[in-house]
Amino acid sequence: KTEFCVLILIHEDVESIQWKRLNDEIFEIGLTPNRADAMSHLGTARDLRAGLLQTGLKVELISPSVSSFRVDKRTLKIDVVVNDNKLAPRYCGVTISGITVKPSPTWLQNRLKSIGLHPKNNIVDVTNYVLHETGQPLHAFDAAAITGNKVIVKNLASNTPFITLDEVERKLHADDLMICNATESMCLAGVFGGIKSGVKENTTSLFLESAFFEGISIRKTSFRHGLRTDAATRFEKGTDISATVTVLERAVQLIQETAGGQISGPLIDHYPHPASKKQVTVKWSFLTRLSGKNYTPTAVKKILIRLGFDWLKESAEQFVVAVPYHKTDISMSADIVEEIV
């Protein structure tokens, strides 16, 4: 250990040494394309917990608390209108006033650097942090850029020009879902923000968005414009529609911690048609044939419950489970067998 420390002192500068001291252990995992539920720290932790419980270890999954979330005042109300509930089944947002945009605290910068992200400012950094923590993309709009105090989720006419954050003017397709204010477009929904509505150094109030967008639409827009963003790759694979509010509250609390400010309007949750959990029936004989193993009903029940499934009923021939919202890739019995294996 002494020799290693000496080598560091000789060959690396002070900043590098400090970074090594702050750096935690980092695990790199490989995911198959269908495992959208594990494209986050929380999602990976869910599976790790289930696996470790199978070994007999006592493991608890601890999620950040949002119990202290509350509206401080109602001085900045922004209305939300969603024109197509199929493309945007759930859309949530809240306003925060009195913030100060500045560099993030060291702990937040180090966390982002450890996963290969470059810190920008406390607002953008919080949205990126929460994205990778929970798997839910967020977008922060400068509230001053929301003319008419109205957010409208809609499609625009084909070839409508729109300048994105990278200062490139793009011609919209009629199928591109847009986030607009009362007079113009602000963001390619679920893909990339616009040049005018993004958070700036002088931003003092913002509207924070947390939504669930239809995956096929997002994928087409992302490829159409050559914008393969972290947000798009998650929306196109499927996010957890049940978590949009909780994640929004989590992000707001981190913004208040790093940028100050007060929640200045009610939390909007446009969710006209709440999604029901998918139910899947699996025959015991199918499980044995596909897996090549003989699982006891007790073992199967334990595994699936630990993975977040609801055990609905069972008989001598089959069992029925309800799929958790975060496992968007599961739709048939073979998927359940894969989870058990």
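Remember, it's a predicted structure, so these values are computed and weren't measured experimentally.

Asks: I'm lost on helix α6 (residues 215-224) in this one. Help?
Replies: Structural remark: α-helix, 3.6 residues per turn; residues separated by three or four positions point the same way. Within the span of α6, buried status applies to G215, S217, I218, T221 and S222. Across the axial projection of α6, the buried residues extend over an arc of 160 degrees, all falling on one side. Capping the start of α6 is the job of one residue whose side-chain oxygen sits 3.2 Å from the backbone nitrogen of I216: E214. G226 lies just past α6 and shows a positive phi near 65 degrees.

Asks: Sorry, what's going on with the environment of T298 here?
Replies: As for its position among the elements, T298 is in helix α10 (residues 297-306). Look at T298 and you get exposed, because its relative accessible area is 54%. A C-alpha to C-alpha distance of 25 Å links T298 and D329, two positions 31 residues apart in sequence.

Asks: How do you make sense of the sheet that holds strand β4 (residues 150-155) when you look at a structure like this?
Replies: Pairing between sheet strands relies on hydrogen bonds along the backbone, with the strands arranged either parallel or antiparallel. What the five strands build is an open sheet, ordered β1-β4-β7-β8-β9; its pairing is mixed. Of all strands in the sheet, those bounded by a partner on one side alone are β1 (79-82) and β9 (192-193). Bridge count between β4 and strand β7 (residues 177-180): four bridges; the pairing is antiparallel. Within β7, the position partnered with K154 by the bridge is M178.

Asks: Help me out: how do you make sense of the confidence of the model for the chain in this one?
Replies: The predicted coordinates should not be examined in detail at positions where pLDDT is low. Across the chain, the average pLDDT comes to 92, with 93% of residues at 70 or higher. Segment residues 1-14: pLDDT under 50, and five contacts once partners within four positions in sequence are set aside and those in other chains are kept.

Asks: Looking at this model, I keep getting lost on the sheet that holds strand β13 (residues 279-283). Mind explaining?
Replies: On the basis of which strands lie adjacent, the open sheet formed by three strands has the order β13-β15-β14 and antiparallel pairing. Single-partner strands in this sheet number two, and they are β13 and β14 (310-314). The sheet shows a mean angle of 25 degrees between the axes of neighbouring strands, direction not considered. The pairing of β14 with strand β15 (residues 318-322) spans four bridges and is classified as antiparallel. Looking at the pairing, D310 lines up with A322 of β15. α10 contacts β14 and β15 of the sheet and is inclined by roughly 155 degrees relative to β14. Most of the contacts of helix α11 (residues 333-340) go to β13, to which it runs at about 75 degrees, and overall it touches β13 and β15.

Cut-offs used in this document
Residues numbered from 1 in each chain as written. Predicted model: local features only at pLDDT ≥ 70, side-chain atom pairs only at ≥ 80, totals over all residues. Heavy atoms only, no water. Buried < 20%, exposed > 50% of the residue type's maximum accessible area, 1.4 Å probe, protein only. Helix = DSSP H or I, 4+ residues; strand = E, 2+ residues; numbered from the N terminus. Arc of directions from axis to C-beta. Polar contact = N/O pair within 3.5 Å; in protein donor to acceptor, adjacent residues only side chain to side chain. Pairing = 2+ DSSP bridges. pLDDT = per-residue confidence, 0-100. Contact = heavy atoms within 4.5 Å. Axes fitted to C-alpha atoms, helices over the stretch in contact; angles between N-to-C directions.

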